[in-house]
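In case you want the letters, here they are:
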Amino acid sequence: MPLWGKIKPAFWEHPQDHDQKTLNYRRMWTVNFWVALTITLLPLLVLGLTSLYFIEEQYKLERKEVNNRLHRLLSVTSLQMSGFFQERESALALILQRNDQAALADAGHLEEIFKDLEKTFVGFVALGLIDSRGRLLASAGDNDLAGGDYSQSPWFRQAAARGSYIGGARPAQSLHSHLVMALSGKDPGGKPFVLRATLDTLRLSALSKAMEAAGVADAFVTDQKGRLQTPATAAARAVEHLDLPALVTQRPLDIVERQGPDGESALVGVARIKGTPFLLVTLSQPRESLQNWEAIRFYIIVFLAASILVLFAAVYRGTLTQVNRLYEADLKRAALLREIVYTNKLASIGRLAAGVAHEINNPTAIINEKAGLIKDLVVHDPGALDPERLSAMVDTILSSVKRVSTITHRLLGFARHLPMQIQTLELEPLVRDVLGFLGQEAQHRNISINLEASGDLPAIDSDYSLLEQVFLNIINNALSVISEGGRIDILLDQTEPEMVRARVIDDGTGISRENLEHIFEPFYTTKGEDGTGLGLSITYGIVHKLGGTISVDSELGQGATFTVILPLSCEPDDAQAAELDIGEAAMRAKGAGD
């Protein structure tokens, strides 16, 4: 069995309302569920979404602050590195200004100059003098130059042609990576010679580490092709992953977001080191500084989702239980009220017992008389039997039997507790059958009951037994308020193409205005202990379930007029709805009790 078949509530398959003839429990539950769910979730959603909005705004502000902080770090550090190179370039320029080629070619003098540089500036590793033909003339310090021809070296050619050169000596694979700085001067013949200095990268590495201490994940120096100039094992992998040349723009400083080597989003900062071909590159993980906000956002989302699920289940269960209880209560009430309708019918029969007994007593007396006469003739004077006379007496007996049978069948049909049966019927004969129950009481109290029906009154499709009960209740109600010698007029006509009208007019005591407002309400009666307050209420329910209307017009002391308007055709679906819940309509009836 599907899951829905197991959890489906009992009211789900209840017949739905046809023109509001029965309650639509499915729609009632749906409306209650969504209204309750909306009222319950709306404040939670507003609070949760507002919190998420402010957290997102704070997250953006924090993210912007991360970018600004990285921008400041890049700007300051790149300026410091640029200053490092400018200071050392100025020192070499000063040496060239104060010493000619001959002085610098003196190895002892060049050594003294190098020692002075070491004392004054950090980072000088060696000095070398190369003449205009590219030959090493002298060197000092831990020089990486050896005797040979450097005329084709890129650093020599660029320094000789442009006056200066800054570049890497070799890839930075260890803590002893070096940079080359070369400046050119003029020998006595006007030809360029080059003063070459070898610089270590410890100072640049220290500046990079300072950035890492300030919150940057990794910082390093590269050339514009992405080749590392400062040692960094992690950075080597990062540079290969980043495709650094594609990130270099015309701007001196730029920050972009890229996927890091570990697959997570990373901020890549690229700043040009002024006066050099080098770039300062930083990698940072914004999530490390923003993880608290992301955690708060995650917890709020989880809390909202869990709360929605819990509230959804609670509202679903609560509304389902509420409508289920209402459905069960309505079923019990409908069953009870159907019994009340039936009990009211039996009570009407009890009130009519005297009239019914009289109706049956007359034909039985005739039967007794004719049967006795036939017996006397057969026993005492068989020869006097006249076939025609005997046949006439038998016909009288049969006619009386038929009359008794008609009365008893009518009484049994009225008393049966049967489901609704829609049939084509004539309204005038039906009312006359009802009057047959009441004729004896009316005759005994000298009350005149007049029935008038228009000649063109059409037949209608409705329930015979229920309409009998309607007219019996109305006429009985009229008899109860009429004094001896009173009058009841029953007028049947057609006022609309698809409707027939029945008016019951009495000259009784009438109904006061305050009672008129409640006359169709259940258990409302003006008869004291003699009334149950259900007759007119049940009548109201029956008429409305048969698709008609009932109204009353009365003033105190001037009698009352009850008007019943019935459709020519009562649909079978409506009839079934009426049988299911006729008492419910009676309980909802508005008006005054009988």
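In the block above lies the structure referred to throughout.
Draft legend 1. Region of the structure containing the packing of aromatic side chains. Under the counting rule described, the total for this entry stands at 13 aromatic pairs. With a centroid separation of 5.0 Å and an interplanar angle of 80 degrees, the aromatic rings of Tyr25 and Tyr327 are classed as edge-to-face. Linking Tyr25 in helix H2 (residues 25-98) with Tyr327 in helix H8 (residues 286-351), this pair joins segments that are 302 residues apart in sequence. Across the pair, Tyr327 and Tyr25 agree in class, each one buried. An aromatic cluster is defined as three or more aromatic residues linked by ring pairs; in this entry it consists of Trp29, Phe33, Trp34, Phe312 and Tyr316. Lying across the ring of Trp155, Arg196 places its NZ or CZ 4.8 Å from the centre.

Draft legend 2. Geometry of helix H4 (residues 107-120). The terminal C-alpha atoms of H4, which comprises 14 residues, lie 20 Å apart, in line with the 20 Å expected from a rise of 1.5 Å per residue. By the burial criterion, the buried members of H4 are Leu110, Ile113, Phe114 and Leu117. On an axial view of H4, the arc spanned by its buried residues comes to 100 degrees, and they lie on one face. Exposed residues on H4 whose side chains face more than 90 degrees from its buried face are Glu112 and Lys119.

Draft legend 3. Quick peek at the pattern of salt bridges. Per the counting criterion, the structure on display carries ten salt bridges. Across the pair Glu56 and Arg297 runs a salt bridge whose closest N-O atoms are separated by 2.7 Å. In this pair, Glu56 is assigned in helix H2 and Arg297 in helix H8, connecting sequence segments 241 residues apart. Judged by relative accessible area, Glu56 falls into the partly exposed class, the value being 26%. By relative accessible area, Arg297 is classed as partly exposed at 23%. We note a salt bridge from Arg135 to Asp131, for which the minimum N-O separation is 3.2 Å.

Draft legend 4. Just a nonpolar patch on the surface, in detail. Together, Val31, Val35 and Ile39 make up an exposed nonpolar region whose accessible area comes to about 270 Å². Checked against the element boundaries, Val35 lands in helix H2. Among the residues examined, Val35 registers a relative accessible area of 43% and is labelled partly exposed.

Draft legend 5. Geometry of the sheet that holds strand S14 (residues 499-506). Overall, mixed pairing links the five strands, which are arranged S11-S13-S14-S16-S15 in an open sheet. Of all the strands in the sheet, the pair left with one neighbour each is strand S11 (448-453) and strand S15 (549-554). In this sheet, adjacent strand axes meet at a mean angle of 15 degrees when their direction is disregarded. Alignment of S15 against strand S16 (residues 560-567), held across six bridges, turns out to be antiparallel. If you follow Val552 over to S16, its bridge partner there is Phe562. In the packing of helix H11 (residues 427-444) onto the sheet, contacts are made with S11, strand S13 (487-496) and S14, and the angle to S11 comes to roughly 175 degrees. Contacts from helix H14 (residues 535-545) reach S15 and S16 within the one sheet, and its direction differs from that of S15 by about 135 degrees.

Reading the values: rules and limits
- Residues numbered from 1 in each chain as written.
- Predicted model: local features only at pLDDT ≥ 70, side-chain atom pairs only at ≥ 80, totals over all residues.
- Heavy atoms only, no water.
- Phe/Tyr/Trp six-rings, centres within 6.5 Å; stacked < 30°, edge-to-face > 60°.
- Helix = DSSP H or I, 4+ residues; strand = E, 2+ residues; numbered from the N terminus.
- Buried < 20%, exposed > 50% of the residue type's maximum accessible area, 1.4 Å probe, protein only.
- Lys NZ or Arg CZ within 6 Å of the ring centre and 35° of its normal.
- Expected span 1.5 Å × (residues − 1).
- Arc of directions from axis to C-beta.
- Salt bridge = Lys/Arg side-chain N within 4 Å of Asp/Glu carboxyl O.
- Patch = residues over 30% accessible without salt bridge, like charges linked within 9 Å, V, L, I, M, F, W, Y side chains within 5 Å.
- Areas by Shrake-Rupley, 256 points an atom, 1.4 Å probe, with all protein chains shown as cover.
- Pairing = 2+ DSSP bridges.
- Axes fitted to C-alpha atoms, helices over the stretch in contact; angles between N-to-C directions.
- Contact = heavy atoms within 4.5 Å.

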